[in-house]
Amino acid sequence: MVIPVRKITDFNPGNRAFIKEETSMSQSKEIILTAKDLSKTFSNESVQQHVLKNLNLNVYKGDFTVVMGNSGSGKSTLLYALSGMDKPTLGTITYFVNDPGQKDRSDKNDGSRGIEISKFSNDRLALFRRAHAGFVFQQNYLNESMSALDNVMISGLLRTKDRKALALKAKELLARVEISENDHRKFPSQLSGGQQQRVAVVRGVINDPEILFADEPTGALNSQNTTNVLDILSDLNTRGQSIVMVTHTIRAAERGNRIIYLADGVIADELDLGEYAGDYKDEANPAREKAIARHRMLKDFLQEQGW
Ligand SMILES: Nc1ncnc2c1ncn2[C@@H]1O[C@H](COP(=O)(O)OP(=O)(O)OP(=O)(O)O)[C@@H](O)[C@H]1O
Ligand SMILES: [Mg+2]
């Protein structure tokens, strides 16, 4: 199923004539992963809760995809399923990434070859994630028995043996999110919630993963650190990295180029915002007019969703 996407230049809530053009534009983008008929049901005692319901979604290479929706609408569940952190109850998740080690590629009807991860064993899933994905979780899941720096290093060492270069990169990224050298040796329990979250963001991006999944990565941060973390994500995205981020804030969502709105376990609607155009409040922003237009469009879209 191809979901029509709205485009900023043609935006007019009453006019859907642009849908055809936009749909063909989406199709010209390269897909990095496809979720097909995804369902996730949690069973608690005798009660079944259908959290994701036959959800279909393409994620495109190089996109900064943002997932929004009410609390409990299934955003984290969707992220866990897409990233292979948890298995869907039904449906498939197929990645289109370079993975010479994988033998069970399947031919897709568009001629491309994908790797269907939904039936992988837990071990294979872990290897696959390690090779392709990065994560920043809603709960930061730092290793409590390791220092802040080691939490980042251990993730980096899964991909490189060059300890020196890795340490330099880790320290540079930690500095960017205002974790001082003094704090590198601290354990997570000795850091504030915001500091822990920033360490977790650095850990998630240290390997330049092909696709980064971030679940409310700025949820615990003050204004300056929200900007710092979002700037890191925008930089990565500018360099071509695919990102899927869940957020509750317009400010974070504006960094994305595509907004997906989740309601009642399905994608209720989506919006093509175009590239990030900088801070709409910044008078020195040369693209401020575009930034203001994006901001308004996003607000209108969310209002339409009853957000
Ligand atoms: N492991 C689980 N076992 C049982 N129910 C679960 C589990 N994980 C999530 N749920 C339920 O699924 C629903 C969706 O949860 P999810 O965490 O995906 O929501 P969310 O959209 O990320 O919400 P929030 O914005 O508050 O983070 C909730 O009702 C939650 O209670
Ligand atoms: Mg959540």
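Here the structure is shown first, and the text comes after it.
If you're wondering where the values come from, they're calculated on a predicted model, not measured in any experiment.

1. Points about the site of ligand 1
In the neighbourhood of ligand 1, 13 residues make up the surrounding shell, with Phe42, Ser71, Lys75, Ser76 and Thr77 lying closest. Contributions of two or more residues to the shell around ligand 1 are made by β2 (31-44), β3 (47-60) and α2 (75-83). Here the shell around ligand 1 gets three residues from one element, more than from any other, and that element is α2. Its residues assigned to classes, the shell around ligand 1 comprises two nonpolar, 10 polar and one charged.

2. Quick notes on the packing of helix α7 (residues 193-205) against helix α8 (residues 223-238)
The interhelical angle for the contact between α7 and α8, taken along N-to-C directions, is 5°, at an axis separation of 11 Å. Compared by their axis directions, α7 and α8 come out roughly parallel. Side by side, α7 and α8 meet where Gly194, Arg198, Val201 and Val205 of the first sit next to Asn225, Val229, Ile232 and Leu236 of the second. Grouping the amino acids of the contact of α7 with α8 by side-chain chemistry returns five nonpolar, two polar and one charged.

3. Some thoughts on the pairing of strand β10 (residues 242-246)
Counting buried residues in β10 gives five out of five residues, a clear majority hidden from the surface. Burial along β10 is two-sided: Ser242, Val244 and Val246 and Ile243 and Met245, pointing in opposite directions, are all buried. Regarding topology, α8 serves as the crossover connection from strand β9 (residues 211-215) to the parallel β10, and that connection is right-handed.

Quick notes on the rules
Residues numbered from 1 in each chain as written. Chains lettered and ligands numbered in written order. Predicted model: local features only at pLDDT ≥ 70, side-chain atom pairs only at ≥ 80, totals over all residues. Near = placed C-beta within 6 Å. Helix = DSSP H or I, 4+ residues; strand = E, 2+ residues; numbered from the N terminus. Nonpolar A, V, L, I, M, F, W, Y, C, P; charged D, E, K, R; others polar. Axes fitted to C-alpha atoms, helices over the stretch in contact; angles between N-to-C directions. Parallel < 35°, antiparallel > 145°, perpendicular 65-115°, else oblique. Contact = placed C-beta atoms within 7 Å. Buried ≥ 20, exposed ≤ 12 C-beta atoms within 10 Å, placed from the backbone. Right-handed = clockwise from strand over helix to strand, strands pointing away.

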